[in-house]
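One-letter residues, chain by chain:
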Amino acid sequence: MDLQLKNKIVVVTGCNGGIGSAIVQSFLKEGALVVGVYRNSLSKLDKLFNWINLAEIPLNNFIPIEMDIDSTPSIQQGLGVVLKKWNRIDVLINNAGATIETPFLALEDNDIDIIYSSNFSSLAKLSREVGKIMLRQKNGNIVNISSAVSDRFGRGVSVYASMKAAVNRLTEVMALELGKKNIRVNAVCPGVVETPMSNALQDRHSVILLNNTPLRRFATPSEIAMSVLFLASDVTASFITGTQIFVDGGIRL
Ligand SMILES: NC(=O)c1ccc[n+]([C@@H]2O[C@H](COP(=O)([O-])OP(=O)(O)OC[C@H]3O[C@@H](n4cnc5c(N)ncnc54)[C@H](OP(=O)(O)O)[C@@H]3O)[C@@H](O)[C@H]2O)c1
């Protein structure tokens, strides 16, 4: 099926991560032009560049941009580069996120601040700035990567689970405010996915997690990426906004 994503300008945060790189690869395979947002070191993108070479994707179809997504000046500077090159942004995928697995009473102030900024305030600031661009275009599409713990479980990741619940609510209210401007906003809530982020969790709790997952396995990053493509495409999801898709093997049931 042609998802009509060819030549769409797609911004993906956390593009070097497990799910982020799968999302980037999926859009590139559809012929989209992808802006990969990363922090600190370009060398983190080596694996992604190798894949792009092997897949024979034109190198110009992927542009890495370093950004501090919790800083409005840094966001504006990065988006300025995108606008100068393409003068529009069609799709934003807010994928960056991080957790610290610690009982609630043992969390330090700094842990709480990091979890807040990695999962919520950065997403809100970047969405606001990209939303202004989409408003001018009278068209746009935002997909937020939330989590199944926004709804269930969450022991040991209290603030992370709460921030993901906040992402779900922000998704709904953004959809409410921006729908009349032809901007759709949705969220994908993964269960446990085989990525570096969930390694420690899988090591410690894999039997319990698998027993609680009706499909009795964890997700692959590309299974999450497929649901993101589905929501981002106006062929498959043109009338879907303000919703959450749980891609969790049924773990929340
Ligand atoms: N893996 C799972 O089981 C699972 C389940 C549910 C939801 N999720 C969500 O899926 C998304 C991707 O996770 P993943 O599993 O792919 O994890 P990952 O492999 O650890 O990748 C996380 C990505 O987010 C970036 N990031 C984290 N904090 C950031 C910050 N403050 N500023 C900028 N970038 C930041 C990381 O950059 P650096 O490499 O520079 O740190 C990395 O690129 C996250 O939102 C996560 O909450 C994951």
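Refer to the structure above for everything that follows.
These numbers come from a predicted model, not from an experiment.

Engineer: Help me understand the overall build of the chain in this model?
Structural biologist: A count of helical and extended segments in the chain gives 7 helices and 7 strands. Reading the chain from its N terminus to its C terminus gives the helix and strand order β-α-β-α-β-α-β-α-β-α-β-α-α-β. Here the chain has a C-alpha radius of gyration of 17 Å; the compact-globule value for 253 residues is 18 Å, and the two agree. C-alpha atoms of the chain, sized along the principal axes, occupy 45 × 40 × 35 Å. Looking at the chain residue by residue over its 253 residues, the buried ones come to 49%.

Engineer: Would you mind going over helix 7 (residues 221-232) with me for this structure?
Structural biologist: Residues spaced three or four apart along an α-helix point in a common direction, a consequence of the helix completing one turn every 3.6 residues. With 12 residues, helix 7 extends 17 Å from end C-alpha to end C-alpha; this agrees with the ideal 16 Å at 1.5 Å per step. Every buried residue of helix 7 is listed here: Pro221, Ile224, Ala225, Ser227, Val228, Leu229, Leu231 and Ala232.

Engineer: Just checking my understanding: could you explain unusual backbone geometry for this structure?
Structural biologist: Peptide bonds are trans in most cases, and residues, glycine excluded, mostly fall at negative phi. Backbone geometry at Asn7 places phi at a positive 65 degrees, although glycine is not the residue there. Assignment of secondary structure puts Asn7 in the segment before strand 1 (9-13). What makes Asn7 partly exposed here is its relative accessible area of 41%. The residue Asn182 is not glycine, and still its phi comes out positive at about 70 degrees.

Engineer: Honestly, the pattern of salt bridges in this entry has me stumped. Any pointers?
Structural biologist: Any two side chains of opposite charge can pair if their charged atoms end up close together. The full count for this structure, using the stated rule, is 8 salt bridges. Notably, a salt bridge pairs Glu129 with Lys132, separated by 3.2 Å at the nearest N-O pair. Of this pair, Glu129 and Lys132 are both found in helix 4 (residues 109-137), 3 residues apart, which corresponds to roughly one turn of the helix. Among the residues examined, Glu129 registers a relative accessible area of 8% and is labelled buried. Here Arg217 makes a salt bridge to Glu223, at a shortest N to O gap of 2.7 Å. Given a relative accessible area of 42%, Arg217 falls into the partly exposed group.

Engineer: Would you explain the packing of helix 1 (residues 18-29) against helix 2 (residues 46-54) in this entry?
Structural biologist: Two packed helices can be described by the angle between their axes and the distance between those axes. Interaxial distance between helix 1 and helix 2 falls to 11 Å at its minimum, and their mutual angle equals 25 degrees. Taken together, the axis directions place helix 1 and helix 2 in an arrangement best described as roughly parallel. Seen along the crossing, helix 1 lies across helix 2 with a hand that is right-handed. Touching Ser21, Val24, Gln25, Leu28 and Lys29 of helix 1 are Leu48, Trp51 and Ile52, all from helix 2.

Engineer: Could you clarify how one ought to interpret helix 4 in this entry?
Structural biologist: Between the first and last C-alpha of helix 4 there are 40 Å, a value that for 29 residues agrees with the 42 Å anticipated at 1.5 Å per step. Downstream of helix 4 by one or two residues, Lys138 has phi in the positive range, about 60 degrees.

Engineer: Sorry, what's going on with the site of the ligand here?
Structural biologist: Taken together, 26 residues surround the ligand, and among them Asn16, Lys44, Asn95, Tyr160 and Thr195 come closest. Between the ligand and Asn95, the relevant distance is 2.7 Å, taken from an oxygen atom to a main-chain nitrogen or oxygen of the residue. Backbone polar atom of Gly97 to an oxygen atom of the ligand: 3.3 Å apart, as the coordinates give it. The fraction of the free accessible surface of the ligand (890 Å²) that becomes covered by protein chains is 87%. Its residues placed into classes, the shell around the ligand shows 11 nonpolar, 12 polar and 3 charged.

Engineer: Even after reading the chapter, I still don't get the nonpolar core, so can you show me in this structure?
Structural biologist: Across soluble globular proteins, nonpolar side chains have a tendency to be buried as a group. Ile23, Phe27, Val34, Phe62 and Ile93 are the most contacted members of the largest nonpolar core, which totals 34 residues. Secondary-structure elements contributing two or more residues to this core are strand 1, helix 1, strand 2 (33-38), helix 2, strand 4 (91-94), strand 5 (140-145) and helix 7. What Phe62 contacts, discounting residues up to four positions off in sequence, is Cys15, Val24, Leu28, Val34, Gly36, Leu45, Leu48, Phe49 and Ile52. Formed by 26 residues, the second largest nonpolar core is a distinct cluster that contains Leu33, Met134, Leu178 and Val185.

Each value, and the rule that gives it
Residues numbered from 1 in each chain as written. Predicted model: local features only at pLDDT ≥ 70, side-chain atom pairs only at ≥ 80, totals over all residues. Heavy atoms only, no water. Helix = DSSP H or I, 4+ residues; strand = E, 2+ residues; numbered from the N terminus. Rg over C-alpha atoms; globule rule 2.2 N^0.38 Å. Buried < 20%, exposed > 50% of the residue type's maximum accessible area, 1.4 Å probe, protein only. Expected span 1.5 Å × (residues − 1). Salt bridge = Lys/Arg side-chain N within 4 Å of Asp/Glu carboxyl O. Axes fitted to C-alpha atoms, helices over the stretch in contact; angles between N-to-C directions. Parallel < 35°, antiparallel > 145°, perpendicular 65-115°, else oblique. Left-handed = near helix turned anticlockwise from the far one by under 90°. Contact = heavy atoms within 4.5 Å. Near = heavy atom within 4 Å. Polar contact = N/O pair within 3.5 Å; in protein donor to acceptor, adjacent residues only side chain to side chain. Areas by Shrake-Rupley, 256 points an atom, 1.4 Å probe, with all protein chains shown as cover. Nonpolar A, V, L, I, M, F, W, Y, C, P; charged D, E, K, R; others polar. Core = buried A, V, L, I, M, F, W, Y, C linked by side-chain atoms within 4.5 Å.

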